[in-house]
Amino acid sequence: MCSRCGLCDTYYVAKVKEACGFIGDGMSRIDQLEEQVHGRQRDLGEADEVTFGVHEHMSFCKLTPGVEGAQWTGVVTTIAVEMLRAGMVEAVVCVQSDPEDELKPKPCIAMTEEEVIEARGVKPSLSPNLEVLAEVEARGIKKLLFIGVGCQVQALRSVEKYLGLDELYVVGTNCTDNGPREGLEKFLQVTSANPDQVKHYEFMQDYRVHMMYKDGVTVEKVPYFCLPADQLTDVIATSCYSCFDYVNSLADVVVGYMGVPFEGPDVPMTKHFQYATIRNEKGREIWDLLRGTERLVEEPTTREGARQDFVKQTLVTDDDVQLGRAKSNPLPLWIGNILADVLEKIGPKGLEFAAYSLDYHVLRNYLLVYRRLGREKAWRHLPAYAKKIIESEDYEAIVAKQIAKG
Ligand code: FAD
Ligand code: SF4
């Protein structure tokens, strides 16, 4: 279930049994690590903490002007640039592109603003971010910002005490359904009319995949329902099918997009609101710095609709394909577009859309882990919040029904 986070490429491999999110107690370690990092575990009596993790504050946010070439408006890149400028950190672990392959991640230690800006934009495959940790130590870096996804951050938090740092800040992104670089090739081949042209893509809140081309202007949109789901099951890595940290629980600040209502087909991702989760005091320090730039536009979060029926519907459709009980039936583009428009009107919006996606991924991954490892080992791997979702009145019956199918 390795997510190729890079830890095992360093001498911290000696700590892998206590650090890896996919060995032994796996992602259930998040519960204790939340206490270590944020001073408390998430409040399971509070619905939004179950879904989004420990937080002090959430907001919709964007930068005007944004950072050209960034994934969205460049909130993550700008945080890193401002922290370097302010002397809060000496270096930033981030992900540039491989010189030979723009879409292949190349983790680096950025010491200058230019190097941070070069890392803007998502390289949508598994990235060994932790492989640079030994170099961080060798270069004598004491104040570090780490940018990464949940599995990387869990391993980082587990070895943090051995790194000899005076200050560690962590800015995370949401992350789900990632995979190896080879799988990305297959995904683009079956999804895009021009696979060689795609630079960025996102599964958007309008039920379409938006693929931004390398020219930075053209955006190809394909409704989810037009994708051949049965050809895509091996595109996602086993680690990501076993992952229960979509929200990056152990970062100080997390930036994503799925919690924001879709602003319409005429607003490109690069001008669209993102959303941020500020988890703790260090997160507040980072956010106050970003507010000081006066380029940050913030709005209160909103939500609309009820996700539960949509979650159940998506879960059964996808799980039946996984089980081979149903054939994936990609719709013609025009019907897919009509369906996407209808769902966008009647479906959950804002934080409720994010909760739809989060609940669905917890349940789908639980079914897959259960079938691969059995209940006892699966239960050992799960953080408490995931158990709460699986056992909730909303989903208990549907989970039991899918388990009974195979
Ligand atoms: P930018 O300013 O463009 O900065 C992007 C940062 O991402 C860079 O600092 C770079 O170091 C880092 N990065 C690039 N590639 C990788 C990689 N492979 N692994 C780790 N870090 C990387 N948001 C959601 O709401 N839902 C999702 O399902 C979701 N999936 C994601 C999957 C991946 C692999 C990644 C990296 C991000 C994902 N995000 C997701 C977050 C979202 O795509 C944006 O990254 C986020 O909104 C920040 O946008 P930005 O313009 O501020 O980022
Ligand atoms: Fe890591 Fe989970 Fe993202 Fe996969 S989905 S790369 S395991 S955080």
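Quick caveat: nothing in here was measured; it's all calculated off a predicted structure.

Asker: Where do I start with the packing of helix 2 (residues 30–38) against helix 7 (residues 150–159) in this structure?
Answerer: Helix-helix packing is characterised by the crossing angle of the two axes and by the distance between the axes. Orientation of helix 2 relative to helix 7, taken along the N-to-C sense of each, is 60 degrees, at an axis distance of 11 Å. One element, helix 2, and the other, helix 7, form an angle in the oblique class. The two elements helix 2 and helix 7 cross, and the hand of that crossing is left-handed. Of the residues in helix 7, those touching helix 2 at Ile30, Leu33, Gln36 and Val37 are Gln154, Arg157 and Ser158. Looking at side-chain class alone, the contact of helix 2 with helix 7 contains three nonpolar, three polar and one charged residues.

Asker: Honestly, helix 10 (residues 308–322) in this entry has me stumped. Any pointers?
Answerer: Owing to its 3.6 residues per turn, the α-helix brings residues three or four apart onto one side. Taking 1.5 Å per residue as the helical rise, helix 10 with its 15 residues ought to reach 21 Å, and the 21 Å between its terminal C-alpha atoms agrees with that figure. Buried residues of helix 10: Gln308, Phe310, Val311, Thr314, Leu315, Asp319, Asp320 and Val321, and no others. Buried residues along helix 10 sit in contact with helix 11 (333–346), helix 12 (351–373) and helix 15 (396–405). Downstream of helix 10 by one or two residues, Gly324 has phi in the positive range, about 75 degrees.

Asker: I would appreciate a short explanation of the environment of Glu90 in the present structure.
Answerer: With respect to the secondary-structure elements, Glu90 resides in the loop between helix 4 (75–85) and strand 2 (91–98). Distance in space between the C-alpha atoms of Glu90 and Ile141 is 6.7 Å, their sequence separation being 51 residues. Ignoring anything within four residues of it in the chain, the contact list for Glu90 reads Leu84, Ala110, Met111, Gly140, Ile141, Lys142 and Lys143. Within polar-contact distance, the side chain of Glu90 engages the backbone nitrogen of Lys142 at 2.9 Å. Of the polar contacts made by the side chain of Glu90, one reaches the backbone nitrogen of Lys143; its length is 2.6 Å.

Asker: What should I look at first to understand the packing of helix 4 against helix 9 (residues 281–291) in this one?
Answerer: Packing of helix 4 against helix 9 leaves a shortest axis separation of 10 Å and a crossing angle of 95 degrees. It follows from the interaxial angle that helix 4 and helix 9 lie roughly perpendicular. Only Ile286, Trp287, Leu289 and Leu290 of helix 9 make contact with helix 4, whose side of the interface consists of Val75, Thr78, Ile79, Glu82 and Met83. Residues belonging to the contact of helix 4 with helix 9 are distributed by class as follows: seven nonpolar, one polar and one charged.

Here is what the cut-offs are and how they apply
- Residues numbered from 1 in each chain as written.
- Chains lettered and ligands numbered in written order.
- Predicted model: local features only at pLDDT ≥ 70, side-chain atom pairs only at ≥ 80, totals over all residues.
- Heavy atoms only, no water.
- Axes fitted to C-alpha atoms, helices over the stretch in contact; angles between N-to-C directions.
- Helix = DSSP H or I, 4+ residues; strand = E, 2+ residues; numbered from the N terminus.
- Parallel < 35°, antiparallel > 145°, perpendicular 65-115°, else oblique.
- Left-handed = near helix turned anticlockwise from the far one by under 90°.
- Contact = heavy atoms within 4.5 Å.
- Nonpolar A, V, L, I, M, F, W, Y, C, P; charged D, E, K, R; others polar.
- Expected span 1.5 Å × (residues − 1).
- Buried < 20%, exposed > 50% of the residue type's maximum accessible area, 1.4 Å probe, protein only.
- Polar contact = N/O pair within 3.5 Å; in protein donor to acceptor, adjacent residues only side chain to side chain.

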